[in-house]
Structure formats: C-alpha cells, structure tokens
Amino acid sequence: MSIHEREQKVLSTFLNHHFSNTTPSPTHLHQYQTMDHVIARIHVSLYLICFLLGMMAAPLAFQTGNDQKLNIFWLLVILLGAHGFNLLFWLATLLFFKNGHVLSTVQTLLIHQVGRFLKWDDGVMNAFIQLRLEGIKGFWFRSRFTHAAWTAYLLGGVLSALFFLMTHQVQFVWQTTLLTQQNFADLTHFISILPSIFGIATPTLADIEWAQFNHASQPDETRQRWAIWLLGCVMVYGVVMRVALWAGSRWRYRQTFHQSLLKLSANTKAFSQERTILDADHVLLEANKHPSYQRDEQSNVRLEVVNQIDSAKHYFLFEWSGPLPKQINAMTQHTFLDDGSTQQAFLQQPIPEQGGSQNILVIASASSPDRGSLRFMKHAVAHCEAIWLFSGEFTEDWVNALLALGITPSKVAELKD
Amino acid sequence: MAITLLIVGHANTGKTSLIRTLMRDQGFGCVNNRAGTTRHVEQITLKQNDTPVLHLIDTPGFEDSVGLWQLRQQSPNHALTTSQWLTKVTQEQDLPDHYEQELKILKQLPHCDIILYVIDLRQRPLGKYLNELDLLAGANKPIVPILNFCSDAHNHESAWRQMLAERQLHAHVRYDTVAFYFADERKLYQTLQSLAPDHYDPLQTLIQQRQADAELRLDKAQQALALTLIQSATCQIVCQSKTPSEPEKAAFQQRIRTFEQQFVQQCLTLFQFQQDDVVLDPLAIKDEAWQQDLFDENTLKAWGLNTTTAASAGAAIGAGIDLLTAGLSLGTATALGAMVGASWQTGRSFKSTLMNTLKQRSVLALQATTLMAMMARGQQLIAHLYHRGHASQNAYHTANSNLLWEQATQKQLERLFHKIGQRSEWQELTTLPSHPLAMAMLEEIQKTGGIQKAGKSESR
C-alpha cells in the first residue's frame, strides 16, 4: 500500500470518528487535499520573499564609504552571522526541544487561522494537524521549511552580491587592534578548509598582506581572490549547508510521517476475517446424542448424600485431576483409573455378585461427562457397588447421563467434601 | 500462501476460546463449559490488507480417544502404522457412528501445515490425552502443544512438561485465553515460524502488526483517560446561589458519571469487547465549591501562558522577518506582532470569574480525591482490558479502588489536578490538547498505570 493510499485510509477513519461515524463528504476530503496545496503555495511564496529579502539585504551589507574598502571578516559575520545563530538555535531544539510545545502551538494556531479564513471544517483541520504535523513529524516539517527559507535567502544574497561585485570595484581589507597578521592568516586558512574541497582558492599570505587596512590599492588578482573566497564561503557555509539540512529534514519528515501512518493505520482494522464451514454438523445420530443434554423427569432425582465412607471398600477414582476428597486419603484403598489399561483392568474384575470386591467408582463432577467417559460407565456399572459423584459444577449433567444409560438411581450418590 | 493451523484437543480444553483470543473476536463459535459444544469444523481466515495470512481450523473435541485408540490397536489395524490407519479410516470412513466427531478431526489432518494441540493444564496428563497425541503423531505434521489455563492456581504444568518432553514435544507454548499476554502470542507465532520457515515473512508482519495494534490501543486508551480526567477536573456547574441545590448536585454528578461511561465505552470499542464485559459500579463523587484563585500563581501563569502563546503567534512572524533580514529591522516587526497578539487574549480569561464573584454564585467542581479515584479505576480498567482474552466470559467490575500510590505521587497528582481545574475553558474539549498540563496528565497515567507495553517482556 502506498503512503498516499494509507493516508487516505487513516483520514477516512479520522473523519468518520469526528463526524460521528457518518461518511465524510467529498467536501471534507477535498478540503484536506486543498490544505496541502495551500500550505505548499504559502511556503513557495515565503521562499520567494526570502529570496528577495536576501537580494535586498546583501547590497546593504556591501555598502562602503568613499574609500570603497570592505572589511572582509566583518562582512562574513554580517552575511553568515544570523544564519549561524539560527542554525545553533535549530540544533538546540533538535537536541532538547524536539517536541517543543510553543513552536507546535504556534504552528497549530497558524493552520487554524488559515483554515478559518478559508472556511474549512474544524475536523478537517484537526485531522490535517494530527496526520501531518503532530509530534516529531511537526519538528521535521518546520525544519524543512526553515532550511528551505534560509537557502532561498542566502541564495538571493549570493546572487545579489555576485552582481554587485561584477559591477562595482571594491577593496577587501582586514583591520585589528588586538590581533596579529598571523592570527588572520590562521583564521583564513581554517575557514578555507571546506571551500577548498570545492575548488575555491584560499587567499595567499601575500593576499592577506595586501588586504591589511592601511595598505595602498590592491592588485586585481588579490581583489578577485578575496571576492571569490568570500562568495565561496557564503555558498559552502550557507547555501550548501542549508541545502543538505533541507534534504535531511525532508527525508526525516517522510520517514516519521510514514511511521506514524503505519501506527495510525494499525487502528483502522487492517485485519479482516473470512469464515467457511468445512464439515457441517449433521442431524445428530442416535449414538451420539449426549445423554446429559436430555432434560426430562430424570433431572428431578434426589441423590443420596454420602456422609461416611467404609474403609473396607476399594475406591476407584475415574480420570482424577483435582485434590483427593478428604474422606478418601492414604488410609483408604484407592486406585486411579487414568488410562485405557487401568480402565480395561477394572472392567475385567469379577462383578460384585460373583464375589468381586466391593468397589466404589468415584467421579469428579467438576468435569463435564463426554462420550468416552459414558462409554466406560455403561460397562463399569456392573463391576461396582455404587457410583459416587464428587461435588462439582456438572453433578446434574452426570446424574442425567448415568440415568439415561439405564443405571438405577439407588446406585448413584453424591460425595461432599 | 497462508499457513493452515489445525486446532485440536480433547473436548472443553479451550480450542474455540483460543481462536477467539487469536482473532480478537468474541463472536466466533460457541463457548460453553460442557463437552461437545463445537460439533462442526469451521475455518477462519485472517486477512491483512485483504491478503490471507493465517487459516485456523476449529474442530470438535476428542471425546473418546481411549476407545478410538483401542480400536486402532485391534486386529487387523494393529498391523498398520498409525499413519496408514489414519489414511484408511479417513478414506473408507469405516469408523463406528460413535466416533463421528473424531472422524471429522482426522479428516482435516492431511490439510493442515501445523497441528496446535490444546491442553487444559487444570487436568493431569491422563491416558486419553496421551492417546490423542499418539493418534495425531500418525499425521506426520508438526505438533505444537498449547498450554491453556496456565494462569490457574491449581494447574499441572510441570507434569505436562515432563510428559511432553518424553514425547519429544519441546516447542510448547503457554497461553491463556482468558488472561491474555501478547508475549505468549508472539512466542506462538515465533514457534510457527521455526516450524514453517516458508511462512516466516507473513508471520513476522503479523507479529509486528499485532504488536503495533496492542501499543496503539494502549496509547489511545490512556489518552482517552487523560481527556476524561481533564473534562472531569474542569467540569463546573455555576449554581444559582451560594449553596448548591440538590438538582444542581445531581446534574453535576450525572455529568461526571457520563464522562466515565463514555470513557468505558471508548475502551470497549478500542479493545473490541462488548458492553456486557464491564460493569460500571457507581462512582463515589465528592464535590465542593470551586473558586478560581485570582492570586494563584498557576492561574496567573495560565493567563500569562495564554497571552504569551497569542503574542508569540504574532511575534513568530515578526521574528521570522527579523532573522532573515539579519536584524536590520531592529526588532520592530517583533514588537509590533507581540502587542497585537497579547491584547486579544487577556480580556477573555478574567471575565467569567469576576462575574460569578460579583453575583454571589458558587461553582461546583470535583475534589482531587475523586479525580484520583477515577484515574485509578480508569487505569485498572485499561490494564484489565489490555490483558483480557476474548474468550473470557466473566464481566469485570469497576469497583471503587484503593489508591495504591505513594504519598508523594498523590500530592503530585493533587497539584496537577488543581492546575488543570483552573482551565475552565477545557470543559468542552473533545480531543486531548497538546498543552504541557495535558501532556503531564498523560505522563502520570502512563507512569502510574503499571502496564508494560506489548513490545517489552511482560510479567504475569
């Protein structure tokens, strides 16, 4: 599913919820899409304004006196200072205030102002803010805009400065009271590290000497080198840096947007089910009619309650999982009938009438009777004196089932703990 | 192609319940404590974005596996391997009518990829279960034992583990269809991945989606609770006189209860449960007259914040212009923007408080202790629903809970509720505001809720 399709799906759920589960109208969907276009156009307009401001600001920075001398490093500060300050501010928000409430609140307010001006529904605006701008996505959205705006501004400034330098003759100087020529040489070389990677020539020691404030007019080559170096620094430390940050912010915005859509669309029932009957339940065969499901006069039988047990008898505990009844303990003879072989052995015992031992079969009626247990009971009843039901949830079911097998009520009793 | 899992087991071990929990669907099948509830074979296919991911086949339970195994041992069947015998009975269908349900199970064995054998841990490893495993082994398919009811205090887990180990069935999965933990479900799918490597990717996507679902539901539920608490904390009724009348009190209490009911309903919808699953016991509401403290630092700060926010909206544009012109406009635009923004907000805030004071009217609002009780109830409800299996049949009661927080936490919450209570304009909110106080509320709920997200290892 593409990002666009996923967004459409999540948006529908959002709007469904906001408009109280009625189908959102095409107007709402259109407003959402339009909001995207409007914001994009606002951004482009602002970029244009920034470009023009940059074009206007640069010549102001290049204003010289009658001597047509420009202070190189001061010029650099003017051209890149605000940009550098803004960059530090952005880094600080990246590190500490990514989910900054003030900036996010401002952004939300602006979106709402635009939406109200264009008479859009609150639900659509809230959906747009939550899907596109909330949380970390909002930070990268703002970053993307900021870096693009600065790129436009700096580009405007560079172009304007280039045009200015093509049509004016200036001299580039440096002056100081506290520092030395060597300091400026070191500074120039340090600043030139990155621009030199792009092929921009570093001013030589001679150029630095020519640029000293109280020097006479400079050779053309020196002025050219300084001019190219200056413009190169603004390009590298300004434009290129901002372009890189813009590209990074754009990528991160898309990533976080996609991740949040995935998370949001998890609640839009990405799962569906389909059911098929593979083998239907047919009319119940007689053999399989569960005796315990028969509800007739048998259920009114009152069971004898066992109060005392006879330790001379042998107690057979049928498929027993719970704790032993208190009366049946280590002192009484008891055997577990847990599997086919022990059950088969029980069925092979002589019946009581033929001198077999007096067996009592004890059933834990916490478990529901099933066909297997009832099949066994049908045969087992002949080999025991009585069947006791140890109190549980399914006592009545067991009583019904045993009586339906033809077992006389007098043979069935209830054992309470 | 989707993986097919055959769910088998003795009657009443929780096969249908397992499917309900895996599918998050209370409506599937019929669940009853009696044996023989499911009598047909039904396949449920889970689709993700319309692509089948999983086929689960629900079967009737084995009821007479002892008899069936004895039949298998009789002549002439004893000469056949179990596998050959299974093929014979399913093709010729010559089992006695008594084993009609068992035959339905056996007929599905060739059509599955993996057999999930559901075990009720409340039962000992009796002979009938071992016979079932012997029969299923003849299908020559991987068998994954599912240990159900593992949360029950009196279970026979160690005996079962020993028995399963003796049969080389080491890849079993603990699961409780009533008390649900996502970690168990993840382990089940991971076990399936190791047994069916061809289906690794779709199962991996399924695990991730389920995990994301679980975390999102929890987040949404906690946000809903935060909003409910904010609505309740800021809910005020202006009384006609200095003493609230009984109808006014009743109306106020009803409003608060309505907020809570809406929250419960939201949670039920989020976690895909029904109305019957939760019983909302009456909330003990304590209220008192509320007075907006004109000299309260937070009140003033709130208005200051309001003012600043409005100012910064205007100032942002001014500041933007300033930065871009490298300060050449000397901050003029910034100052102008701030002034325009600030004056708008200040007048709005004081008006209602002053009017009520002048007209000698009291205002009903909730005490912090009631709000903390609501918060505790809400957190416990969320925790319960987060771990409630869709096979659970007992309703949960939201009884008034004892606060289990330390004194320091309670004091902190009290301060937070007091601050939030000053924001009377938040009464009508329908979504959680992205304001520091609201975020602080959400953070407290997450911190004191005691729920570990699905992505982290959960403890029972």
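Undergrad: Where do I start with the overall build of chain A in this structure?
TA: When you go through chain A residue by residue, the secondary structure sums to 13 helices and 9 strands. By residue count, 45% of the 417 residues in chain A fall in the buried class. A sequence separation of at least 24 residues applies to 78% of the contacts in chain A between residues at least 6 apart. Carbon and sulfur atoms make up 60% of the accessible area of chain A, which amounts to about 21800 Å² in all.

Undergrad: What's the story with a nonpolar patch on the surface in this structure? I'm lost.
TA: Residue and element names in this part refer to chain A. Together, M55, L155, L159, L162, M166, L194, I197, F198, M235 and V240 give the surface a local cluster of nonpolar side chains, amounting to about 870 Å² of exposed area. Elements with a minimum of two residues in the nonpolar patch: α6 (136–167), α8 (193–197) and α10 (220–265). For the nonpolar patch, the leading source of residues is α6, giving 4 residues. Following the sequence through the fold, M166 ends up in helix α6. For M166, a relative accessible area of 61% corresponds to the exposed category.

Undergrad: What is the right way to look at the packing of helix α8 (residues 200–234) of chain B against helix α14 (residues 436–448) of chain B in this model?
TA: To characterise two packed helices, one gives the angle between the axes of the helices and the distance between these axes. Residues and elements named next belong to chain B. Here α8 crosses α14 at 125°, and the two axes come no closer than 9 Å. Between α8 and α14, the angle is such that the two are oblique. Crossing angle aside, the handedness with which α8 passes α14 is right-handed. Residues Q222, Q223, L225, A226, L229 and I230 of α8 lie in contact with α14, whose contacting residues are A438, M441, L442, I445 and Q446. Here the residues of the contact of α8 with α14 sort into 8 nonpolar, 3 polar and no charged.

Undergrad: Would you take a moment to explain empty space enclosed by the protein for this structure?
TA: The probe, sized like a water molecule, is rolled over the atoms to show the empty space still left. Evaluation of the coordinates by the stated rule reveals 3 cavities of 30 Å³ or more. When its volume is computed, the largest cavity comes out at roughly 180 Å³. Surrounding the largest cavity, 18 residues form its lining, R24, F180, R217, F271 and Y386 of chain B being those nearest its centre. Every element with two or more residues in the lining of the largest cavity is listed here: α8 and α12 (368–386) of chain B. Tallying contributions element by element places α8 of chain B first for the lining of the largest cavity, with 3 residues. Considering only residue class, the lining of the largest cavity consists of 8 nonpolar, 5 polar and 5 charged. Along its surface, the second largest cavity is lined by 13 residues, and E319, G372 and S373 of chain A together with D64 and V66 of chain B are the ones closest to its centre.

Undergrad: Even after reading the chapter, I still don't get unusual backbone geometry, so can you show me in this structure?
TA: Trans is the prevailing form of peptide bonds, just as negative phi is the prevailing case for residues other than glycine. Residues and elements named next belong to chain B. Cis geometry marks the peptide bond from S75 to P76; its omega dihedral reads 0°. Positive phi values are uncommon outside glycine, yet N12 reaches one of about 70°. Of note, N12 is situated in the loop between β1 (3–9) and α1 (15–23). Take N12: its relative accessible area is 29%, and that puts it in the partly exposed class. Positive phi outside glycine occurs at Q272, with the angle close to 60°. By secondary structure assignment, the location of Q272 is in the loop between α9 (246–270) and β8 (278–279).

Undergrad: Honestly, the side chain of Q108 of chain B in this entry has me stumped. Any pointers?
TA: You can see Q108 of chain B is positioned in helix α4 (residues 100–108). Residue Q108 of chain B is classed as buried on the basis of its relative accessible area of 8%. The contacts of Q108 of chain B, once residues within four sequence positions are left out, are L278 of chain A together with L6, V41 and I57 of chain B.

Undergrad: Can you help me understand the packing of aromatic side chains in this one?
TA: Pairs of aromatic rings are described using the distance from one ring centre to the other and the angle between the two planes. Counted according to the given criterion, the structure contains 17 aromatic pairs over all chains. On the numbers, 5.2 Å between centres and 10° between planes, the contact of F318 of chain A with F376 of chain A is stacked. Here the residue F318 of chain A occupies a position in strand β5 (residues 314–318), and F376 of chain A occupies one in helix α12 (residues 371–380), the gap between them amounting to 58 residues. On the basis of relative accessibility, which here comes to 4%, the residue F318 of chain A falls in the buried class. On the basis of relative accessible area, F376 of chain A is assigned to the buried category, the value being 3%. Ring geometry for Y129 of chain B versus W160 of chain B: centroids 5.5 Å apart, planes at 50°, classification tilted. Taken together, the positions of Y129 of chain B in helix α5 (residues 127–137) and W160 of chain B in helix α6 (residues 157–166) put the pair 31 residues apart, joining distant regions of the chain. Of note, R124 of chain B hangs over the ring of F336 of chain A, and the distance from its end group to the ring centre comes to 5.2 Å. Above the ring of F273 of chain B, the side-chain terminus of R388 of chain B is found at 5.6 Å from the ring centroid.

Undergrad: Mind showing me how you'd approach the side chain of T93 of chain A here?
TA: Position of T93 of chain A among the secondary structure elements: in helix α3 (residues 72–96). A distance of 2.6 Å separates the side chain of T93 of chain A from the backbone oxygen of W90 of chain A, its partner in a polar contact.

Undergrad: Looking at this model, I keep getting lost on the pairing of strand β2 (residues 41–48) of chain B. Mind explaining?
TA: Strand residues, when the strand is regular, have side chains that alternate between the two faces of the sheet. Burial runs high along β2 of chain B: 8 of the 8 residues are buried. Where strand β3 (residues 271–279) of chain A lies against β2 of chain B, 8 bridges are found, and the strand directions are antiparallel. Within the sheet, the bridge partner assigned to Q273 of chain A lies in β2 of chain B and is L46 of chain B. Summarising the sheet, β2 of chain B and strand β3 (residues 51–58) of chain B pair through 7 bridges and their orientation is antiparallel. Each bridged residue has a counterpart across the sheet, and for L46 of chain B the counterpart in β3 of chain B is L54 of chain B. Hairpin connection, β2 of chain B to β3 of chain B: the antiparallel pair is bridged by 2 residues, and N49 of chain B has positive phi, about 50°.

Undergrad: Please explain the pairing of strand β8 (residues 386–390) of chain A as it appears in this structure.
TA: All names here are of chain A. Among the 5 residues that make up β8, 5 are buried, leaving the element largely enclosed by the rest of the structure. Because side chains alternate across β8, one face comprises the buried residues A386, W388 and F390, and the other comprises I387 and L389, equally buried. As paired elements, strand β7 (residues 359–364) and β8 share 5 bridges and run parallel to each other. Note on β8: the bridge partner recorded for A364 is F390. Once you follow β7 into α12 and on to β8, the crossover reads as right-handed. Alignment of β8 against strand β9 (residues 412–415), held across 4 bridges, turns out to be parallel. What sits directly across from F390, in β9, is L415.

Undergrad: Can you walk me through the sheet that holds strand β6 (residues 173–174) of chain B in this structure?
TA: As a general point, the strands of a sheet are linked pairwise by backbone hydrogen bonds and lie either parallel or antiparallel. With mixed pairing, the 7 strands of this open sheet are ordered in space as β3(A)-β2(B)-β3(B)-β1(B)-β4(B)-β5(B)-β6(B). Of all the strands in the sheet, the pair left with one neighbour each is β3 of chain A together with β6 of chain B. Contacts from α6 of chain B reach β4 (114–120), β5 (143–148) and β6 of chain B within the one sheet, and its direction differs from that of β5 of chain B by about 175°.

Undergrad: Where do I start with the sheet that holds β7 of chain A in this structure?
TA: Residues and elements named next belong to chain A. Strand order in the open sheet formed by 6 strands is β4-β9-β8-β7-β5-β6, and the pairing between neighbours is parallel. Every interior strand has two partners, whereas the edge strands, β4 (304–306) and β6 (333–337), have only one. Strand after strand, the sheet turns through a mean of 30° between neighbouring axes, direction not considered. Strands in contact with helix α11 (residues 340–347) are β5, β6 and β7; relative to β6, the strand with the most contacts, it is inclined by about 125°. In the packing of α12 onto the sheet, the strands contacted are β5, β6 and β7, and the crossing angle to β7 comes to about 165°.

Undergrad: How should I be thinking about the nonpolar core in this particular structure?
TA: What tends to happen in soluble globular proteins is that the nonpolar side chains get buried as a cluster. One finds F417 and M441 of chain B to be the most contacted residues of the largest nonpolar core, which totals 47 residues. The set of elements that each furnish at least two residues to this core consists of α8, α9, β10 (363–366), α12, α13 (407–421) and α14 of chain B. Each residue touching M441 of chain B, except ones within four places of it in the same chain, is listed here: A226, L229, I230, M375, L413, L416, F417 and I420 of chain B. Of all hydrophobic cores here, the second largest spans 40 residues; its members include L75, L80, A185 and V234 of chain A.

Undergrad: Looking at this model, I keep getting lost on the environment of D207 of chain A. Mind explaining?
TA: Residue and element names in this part refer to chain A. Structurally, D207 is set in helix α9 (residues 205–210). Placed 18 residues apart in sequence, D207 and R225 show a C-alpha to C-alpha distance of 8.0 Å. The residues touching D207, leaving out its near neighbours within four places in the chain, are T222, R225 and W226. A polar contact of 3.0 Å, which involves the side chain of D207, links it to the side chain of T222.

What counts, and where the lines are drawn
- Residues numbered from 1 in each chain as written.
- Chains lettered and ligands numbered in written order.
- Predicted model: local features only at pLDDT ≥ 70, side-chain atom pairs only at ≥ 80, totals over all residues.
- Heavy atoms only, no water.
- Helix = DSSP H or I, 4+ residues; strand = E, 2+ residues; numbered from the N terminus.
- Buried < 20%, exposed > 50% of the residue type's maximum accessible area, 1.4 Å probe, protein only.
- Contact = heavy atoms within 4.5 Å.
- Areas by Shrake-Rupley, 256 points an atom, 1.4 Å probe, with all protein chains shown as cover.
- Patch = residues over 30% accessible without salt bridge, like charges linked within 9 Å, V, L, I, M, F, W, Y side chains within 5 Å.
- Salt bridge = Lys/Arg side-chain N within 4 Å of Asp/Glu carboxyl O.
- Axes fitted to C-alpha atoms, helices over the stretch in contact; angles between N-to-C directions.
- Parallel < 35°, antiparallel > 145°, perpendicular 65-115°, else oblique.
- Left-handed = near helix turned anticlockwise from the far one by under 90°.
- Nonpolar A, V, L, I, M, F, W, Y, C, P; charged D, E, K, R; others polar.
- 1 Å grid on protein atoms, 1.4 Å probe; cavity = no way out; pocket = protein on both sides within 12 Å on 5 of 7 lines; lining within 4 Å.
- Points joined across faces, edges and corners; volume = space filled by probe spheres on them.
- Phe/Tyr/Trp six-rings, centres within 6.5 Å; stacked < 30°, edge-to-face > 60°.
- Lys NZ or Arg CZ within 6 Å of the ring centre and 35° of its normal.
- Polar contact = N/O pair within 3.5 Å; in protein donor to acceptor, adjacent residues only side chain to side chain.
- Pairing = 2+ DSSP bridges.
- Right-handed = clockwise from strand over helix to strand, strands pointing away.
- Core = buried A, V, L, I, M, F, W, Y, C linked by side-chain atoms within 4.5 Å.

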